[in-house]
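# Examining the three-dimensional arrangement
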Amino acid sequence: MTTRATGTTRSSRLPAVALLAALALTASACTSLSAAERSNPPPPGFERIQHVVFIVQENRSFDHYFGTFPGADGIPMQDGVPTVCVPDPVLHRCVRPFHESALVNQGGPHTQLHSEIDVDGGRMDGFVRALVEHSNNRCADTRSPADCRGTLGPQGQPDVMGWHDAREIPNYWAYAEHFVLQDHMFAPTDSWTLPSHLFLVSGWAASCKGPWKPMSCTSDLQLKDVLNRQRAGAHPPIYAWTDITYLLHRFGVSWAYYAGENLCGPEVPTRLCNEEGATAAQNPLPSFSDVHQTGQLGNVKTHADFFRAVADGTLPQVSWVVPGRGGISEHPGTQTPITRGQAWVTRVVNAIARSALWTSTAIFLTWDDWGGFYDHVPPTRVDENGYGIRVPGLLISAWAKPGTIDHQTLSFDAYLKFVEDLFLGGRRLDPATDGRPDSRPTVREDAPALGDLMKEFDFSQPPLPPLVLPLHPRPGPASIPGT
């Protein structure tokens with residue numbers, strides 16, 4: 001870390017009796033916990049953290065947003081010129097990362113196949129090839145100004161090789177300068193949005209032979225047709241394995257998942273499902289069978305609910321905030337500028353910063369996958385599911401070590417570990433101990449390579465003042481003169 005001076009049923013549907021039994025079992029577990037079971041507190045000082053908020057945007061790599069941030073493990077350079085390049089099968093030469101001033105980006109394909117191409121056995125040189133060979137992007141094929149609309153670099157390279165700095169995303173850079181930047185935050189899996197969000201809340205992505213058979217699940221990073229099944233009704237249970245909300249419910253820890261403005265439910269016609277709220281890929285919790293079993297569907301809420309909870313002081317202990325639709329996700333390939341997503345994140349952070357919750361809240365900001373954009377660091381492998389390519393990560397808190405770059409190996413599994421250590425006495429999503437066994441291959445929170453987010457806090461210092469930023473800031477300075 002661097003501180004800069006600066007038991008299941010045979011049926012695919014749970015019978016009513018079995019459902020009532022499951023609910024009773026859960027309620028019993030919740031009420032029968034002994035004092036000893038509840039008495040393992042977090043380390044000294046962490047009693048001050050009463051709320052944890054995870055903001056999860058979409059599809060940006062670390063080098064794409066922070067590759068030139070001072071002191072970070074960014075794009076290798078000498079005298080301001082990148083010393084790395086990537087083969088371009090259209091231009092027939094090796095092309096370098098470049099400063100991308102355009103606020104609308106195209107990015108590249110980003111599934112497990114494309115991650116394997118991009119990483120290329122650790123050479124990290126397949127980003128342009130994946131775009132050319134596995135997308136319908138005419139710009140990638142022709143490099144014509146008419147097709148590319150100003151998204152090419154000085155060598156004619158596509159914008160998967162582009163990087164931004166404070167000129168385009170000044171608020172994100174301000175958060176990094178004032179709080180903690182994580183420069184080895186890896187996406188939890190080498191795949192796309194849905195698997196990443198499944199790992200976010202459960203430490204796994206899988207397909208199951210039945211929604212009530214957690215031991216029938218097997219790892220699956222493709223998840224073909226799963227979204228169609230989610231859209232087929234009002235949140236049908238699909239995911240049988242155990243997610244973190246099961247433990248939160250068991251131990252009486254409050255939570256909410258804030259996922260847009262129009263959430264699907266039994267009263268919402270199927271044709272309206274997810275039109276205004278988060279996509280099914282961003283909002284998987286309502287399709288976990290344990291969320292149905294424990295009666296927690298109502299904890300999936302809207303953005304308006306989030307801002308009300310902050311304003312009236314009823315924010316739960318654990319919150320996730322995902323962008324939903326409306327152009328605020330920063331997903332490339334649209335005509336929406338990244339500044340719109342930055343403004344949304346700033347609004348969320350500002351709400352907490354302006355409230356009485358500032359000194360009792362830790363905000364973690366990240367992006368769900370790399371979006372096809374270049375990154376030079378080979379992902380650490382912890383199991384057959386990942387990690388994936390690096391994404392930006394930030395801690396924003398009154399108790400953050402100011403101006404720090406955390407070089408620990410991190411992933412969304414570190415978020416689960418943090419919540420478990422802070423609120424659950426270190427209990428894990430572990431089939432051997434969590435009371436709801438499933439067939440996951442790895443207890444991700446216990447991976448030897450995984451760092452500890454608690455190291456990013458300092459409770460010996462006075463609390464840092466809130467950083468309230470404009471939603472539409474002026475561009476910041478160039479990170480590299482002359483670019």
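Residues numbered from 1 in each chain as written. Predicted model: local features only at pLDDT ≥ 70, side-chain atom pairs only at ≥ 80, totals over all residues. Heavy atoms only, no water.

## Overview of the overall build of the chain
- Counting secondary structure elements, the chain contains 14 helices and 19 strands.
- Expressed as a percentage of the 483 residues in the chain, the buried residues total 60%.
- Carbon and sulfur atoms make up 54% of the accessible area of the chain, which totals about 17900 Å². (Helix = DSSP H or I, 4+ residues; strand = E, 2+ residues; numbered from the N terminus. Buried < 20%, exposed > 50% of the residue type's maximum accessible area, 1.4 Å probe, protein only. Areas by Shrake-Rupley, 256 points an atom, 1.4 Å probe, with all protein chains shown as cover.)

## Thoughts on the pattern of salt bridges
- One pass over the full model with this rule turns up 15 salt bridges.
- When the shortest N-O distance is used, the salt bridge between Asp375 and Arg390 registers 2.9 Å. Of this pair, Asp375 sits in the loop between strand 16 (361-367) and strand 17 (393-397) while Arg390 sits in the loop between strand 16 and strand 17; the two residues are 15 residues apart in sequence, bridging distant segments of the chain.
- Classification of Asp375 as buried rests on a relative accessible area of 0%.
- Note on Arg390: relative accessible area 0%, which makes it buried.
- Arg444 is the salt-bridge partner of Asp413, the closest N and O atoms lying 2.7 Å from each other. Here Asp413 is found in helix 14 (residues 412-423), whereas its partner Arg444 is found in the segment after helix 14, with 31 residues between them in sequence. Like Arg444, Asp413 is buried.
- Salt bridges linked by common partners bring Glu420, Asp421, Arg428 and Asp446 together as one network. (Salt bridge = Lys/Arg side-chain N within 4 Å of Asp/Glu carboxyl O.)

## Here we look at the state of the cysteines
- Evaluation of the coordinates by the stated rule reveals three disulfides.
- Through a disulfide, Cys85 is tied to Cys94; the S-S separation comes to 2.1 Å. Taking the sign of the torsion about the S-S bond as the criterion, the disulfide between Cys85 and Cys94, at about 95°, is right-handed.
- On the accessibility criterion, Cys85 (30% relative accessible area) is partly exposed. (Disulfide = S-S within 2.5 Å.)

## Regarding helix 12 (residues 303-312)
- Looking only at helix 12, the buried set comprises His303, Phe306, Phe307, Ala309 and Val310. The arc that holds every buried residue of helix 12, seen down its axis, measures 160°, which confines them to one face. In helix 12, the exposed residues that point more than 90 degrees away from the buried face are Ala311 and Asp312.
- In this structure, the buried side of helix 12 is in contact with strand 13 (255-258), strand 14 (300-301), strand 15 (318-321) and helix 13 (338-353). (Arc of directions from axis to C-beta. Contact = heavy atoms within 4.5 Å.)

## A look at the nonpolar core
- Counting residues in each nonpolar core, the largest one holds 114 residues, and the members touching the most others are Phe66, Tyr257, Trp320, Phe364 and Phe457.
- If sequence neighbours within four positions are ignored, Tyr257 has contacts with His197, Leu200, Val201, Gln282, Asn283, Pro284, Leu285, Asn299, Val300, Lys301, Trp320 and Val322.
- Counting 15 residues, the second-largest nonpolar core is a separate cluster that includes Val95, Met124, Leu131 and Ile389. (Core = buried A, V, L, I, M, F, W, Y, C linked by side-chain atoms within 4.5 Å.)

## With respect to the side chain of Arg436
- Looking at the secondary structure, you find Arg436 in the segment after helix 14.
- It is Asp290 that comes nearest to the buried, bridge-free Arg436 among opposite-charge side chains, at 4.2 Å.
- When near neighbours in sequence (up to four residues on either side) are disregarded, Arg436 contacts Pro214, Ala240, Trp241, Thr242, Tyr246, Ser289, Asp290 and Gln293. (Lys, Arg positive; Asp, Glu negative; His and termini not counted.)

## What to know about the packing of helix 7 (residues 170-178) against helix 13
- Two elements in contact, helix 7 and helix 13, have axes whose closest approach is 9 Å; the angle formed by their N-to-C orientations is 45°. Comparing the axis directions of helix 7 and helix 13 gives the class oblique. Within the contact between the two elements, helix 7 uses Pro170, Asn171, Tyr172 and Tyr175 and helix 13 uses Gly341, Gln342, Val345, Thr346 and Val349. (Axes fitted to C-alpha atoms, helices over the stretch in contact; angles between N-to-C directions. Parallel < 35°, antiparallel > 145°, perpendicular 65-115°, else oblique.)

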